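# Coordinates in review
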Amino acid sequence: MGSVKLAPSILSADFARLGEQVREASEAGADYIHVDVMDGRFVPNLTIGPLVVAAIRPHTSLPLDVHLMVVEPEHLIRDFVSAGADKVTVHQEAVPELRRAVHLIKELGATAGVAISPDTPASTLDEVIADLDLVLVMTVNPGYGGQPFISSVLPKVRRVREMIEAGGFTAELEVDGGIKKDNVATLVEAGADVIVAGSAVFNDRSSVAVALGELRKGIGA
């Protein structure tokens, strides 16, 4: 594991000034910009599409880390990569032919990730983890920002870290959901490489720069 990366999620940003908020996060030392895509089917909420990714692309040189919480993501992957996505993550629970989706992402020139929801065992990744650039472990049930962290998922974060290390795989381990300055260290200790944070970064309590600084302080970076 190298230094821990921070990936602010624009799900909690002010969409009336989205480009500005993305620039603020970039200038404040974010490593990725995380983009949560929801279809109203795989999860109840409905969020953004490729047009928003294309709109924010000129505002940052950071990798756009697109998390597809959608059914049949294989029909959308090409559009998101064309819009500027650098990383595309699909859900294990939403894709019958997971390896095919992973290979499609890579063929299109993006890095490929697979996400698992809190109730999904780490073992469901056994057949595909060797092909992955990223594993995303959800620490809330996907669908809405601002949910409380589910601490019972921590052993699974550790388990995925063990799988990556034992297999000599190169996938980054990303965690997403309810992460704040007071619990981020626990996730890093469990093996997380990338921390996704939405409402902890984009809020009306502090600036984006201050919020990212507090998260960095929380992980001792």
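Preceding block: the structure.
Basis of the calculations
- Residues numbered from 1 in each chain as written.
- Predicted model: local features only at pLDDT ≥ 70, side-chain atom pairs only at ≥ 80, totals over all residues.
- Heavy atoms only, no water.
- Buried < 20%, exposed > 50% of the residue type's maximum accessible area, 1.4 Å probe, protein only.
- Helix = DSSP H or I, 4+ residues; strand = E, 2+ residues; numbered from the N terminus.
- Pairing = 2+ DSSP bridges.
- Right-handed = clockwise from strand over helix to strand, strands pointing away.
- Axes fitted to C-alpha atoms, helices over the stretch in contact; angles between N-to-C directions.
- Arc of directions from axis to C-beta.
- 1 Å grid on protein atoms, 1.4 Å probe; cavity = no way out; pocket = protein on both sides within 12 Å on 5 of 7 lines; lining within 4 Å.
- Points joined across faces, edges and corners; volume = space filled by probe spheres on them.

## A closer look at the pairing of strand β7 (residues 172-176)
Most of β7 is tucked away: five of the five residues are buried. Burial of the side chains of β7 extends over both faces: Glu172, Glu174 and Asp176 are buried on one face and Leu173 and Val175 on the other. As judged from the five bridges shared by strand β6 (residues 134-138) and β7, these two strands associate in the parallel manner. Residue Val137 lies in a different strand from β7, and its bridge partner there is Val175. Where the polypeptide runs from β6 across helix α5 (residues 154-167) and back to β7, its parallel neighbour, the crossover connection is right-handed. Taken together, the three bridges between β7 and strand β8 (residues 194-197) define a ladder with parallel strand orientation. Paired with Asp176 across the bridge in β8 is Val196. With helix α6 (residues 184-190) bridging β7 and the parallel β8, this β-α-β connection has right-handed handedness.

## As for unusual backbone geometry
The phi dihedral of Glu72 falls on the positive side, at around 50°, and the residue is not glycine. On the secondary structure map, Glu72 appears in the loop between β3 (64-69) and α3 (77-83).

## Details of the sheet that holds strand β4 (residues 87-91)
Reading across the sheet, the eight strands line up as β1-β8-β7-β6-β5-β4-β3-β2 and stay open at both edges, with parallel pairing between neighbours. Each end of this open sheet is capped by a strand with a single partner; those strands are β1 (5-8) and β2 (33-38). For this sheet, the mean angle separating the axes of adjacent strands, direction not counted, is 25°. The pairing of β2 with β3 spans six bridges and is parallel. Among the inter-strand pairings, Val37 is bridged to a residue of β3, identified as Leu68.

## Comments concerning helix α1 (residues 18-27)
Looking at α1, one finds that the buried residues are Leu18, Gly19, Gln21, Val22 and Ala25. The buried residues of α1 occupy an angular sector of 165° when the element is viewed end-on, so they sit on one face. The first or second residue beyond α1 is Gly29, which carries a positive phi of 100°.

## Brief notes about empty space enclosed by the protein
Within the structure shown, the criterion is met by one cavity of 30 Å³ or more. The volume enclosed by the largest cavity comes to roughly 220 Å³. Taken together, 25 residues line the largest cavity, and the ones lying closest to its centre are Tyr144, Gly145, Gly146, Asp176 and Gly177. Within the residue set of the lining of the largest cavity, elements represented by two or more residues are β2 and β8.

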